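# Structure assessment
Here is how the chains run, residue by residue.
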Amino acid sequence: MRPSERGHKMLSFSAAGVILLLAWIYPSDSLYFHIGETEKKCFIEEIPDETMVIGKYRTQLWDKQTGSFLPSTPGLGMHVEIKDPDTKIILSRQYGSDGRFTFTSHTPGEHQICLHSNSTKMALFAGGKLRVHLDIQVGEHTNNYPEIAAKDKLTELQLRVRQLLDQVEQIQKEQNYQRYREERFRMTSESTNQRVLWWSIAQTVILIVTGIWQMKHLKSFFEAKKLV
């Protein structure tokens, strides 16, 4: 094997190892939950700024006859509402029984993702139970790399380098977000310490003033009784 080929393969293996490691550190969130009629479920996702988020879901309706969850009817829909850390609504839309929603964060922090069904319009679902499978992908996990490779005609090594660059960019965003959180925590701590300091000073001043007033009052009392 020539040195150039050996170096090329070593670079490929190293890139693949780093990608697997970073994918393990930053996995996508996939879960399922149950909701009832008119019930609303909300999730909190900490997202850095300027980060794309893609959510995919599918619903299953409880069937009493079979005693299991079956694919939902087309008429059953889900309403998705997303709020940023300032409680500003950045997405509010009605989707079908299976859907996909996308948004980009512009403010770092905790984003609230809420889902609820249009069960009041479905007599079939009234009083029933719905299972929702939800998959939330953040940052570089939203990229469809096979599609990118086909579109840009990238080799396997070029695609892995592209993945590494996206991973590094996402890590930088995460680090910036952690610094942002640390700064907010430091400001909160300093504000709390300052308030505690001023409260301690106020208590000391009140005690001194109260002591002086008591001494003057006792002195006046003793003088009135001609004890002094």
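Counting starts from 1 at the beginning of each chain's written sequence and moves along it residue by residue. With the structure being a predicted model, the display of local features is reserved for residues of pLDDT at least 70 and the display and counting of side-chain atom pairs for 80 or more, all residues being used for whole-chain, interface and lining totals. With hydrogens and water set aside, each side-chain value is computed from the structure's full complement of heavy atoms.

This part covers the UniProt feature "transmembrane region" (unreviewed entry) in the protein. UniProt positions are given in the numbering used here, feature names are shortened, and annotations may be inferred rather than shown by experiment. When the UniProt feature table is mapped onto this chain, "transmembrane region" (unreviewed entry) is found at residues 196-215. In DSSP terms, a helix is any run of H or I states spanning at least four residues, a strand is any run of E spanning at least two, and both are numbered starting from the N terminus. As annotated, residues 196-215 comprises 100% helix and 0% strand, and the C-alpha atoms at either end are separated by 28 Å.

Looking now at the pattern of salt bridges. Salt bridge, as applied in this entry: a Lys or Arg side-chain nitrogen positioned within 4 Å of an Asp or Glu carboxyl oxygen. Counting across every chain of the model gives six salt bridges. A salt bridge links Lys 41 to Glu 39; the nearest nitrogen and oxygen atoms lie 3.9 Å apart. Classification of Glu 39 as partly exposed rests on a relative accessible area of 32%. In this structure, Glu 156 and Arg 160 form a salt bridge, with 2.5 Å as the shortest nitrogen-oxygen distance. In this pair, Glu 156 and Arg 160 are both assigned in helix α3 (residues 156-224), four residues apart and thus about one turn of the helix distant. The classification of residues rests on relative accessible area computed with a 1.4 Å probe and restricted to protein chains. Under 20% of the type maximum is buried, over 50% is exposed, and intermediate values are partly exposed.

All right, on to the pairing of strand β3 (residues 51-63) then. Two strands pair if DSSP finds at least two bridges between them. Where β3 and strand β7 (residues 98-105) come together, eight bridges link them in antiparallel fashion. Bridge pairing in β7 places Val 53 opposite Phe 103. As paired elements, β3 and strand β9 (residues 129-138) share nine bridges and run antiparallel to each other. Residue Gly 55 lies in a different strand from β9, and its bridge partner there is Ile 136.

Time to look at the sheet that holds strand β6 (residues 89-95). A sheet is described by the order of its strands in space; here four strands give the open sequence β2-β8-β5-β6, paired in antiparallel fashion. Each edge of the open sheet carries a strand with a single partner, namely β2 (40-47) and β6. Averaged over neighbouring strand pairs, the angle between their axes works out to 15 degrees when direction is ignored. Here β2 pairs with strand β8 (residues 109-117) via eight bridges, running antiparallel. When the sheet's bridge partners are listed, Glu 46 is paired in β8 with Glu 110. With axes taken as lines fitted to C-alpha atoms, and helix axes fitted only over the stretch in contact, angles between N-to-C directions fall between 0 and 180 degrees.

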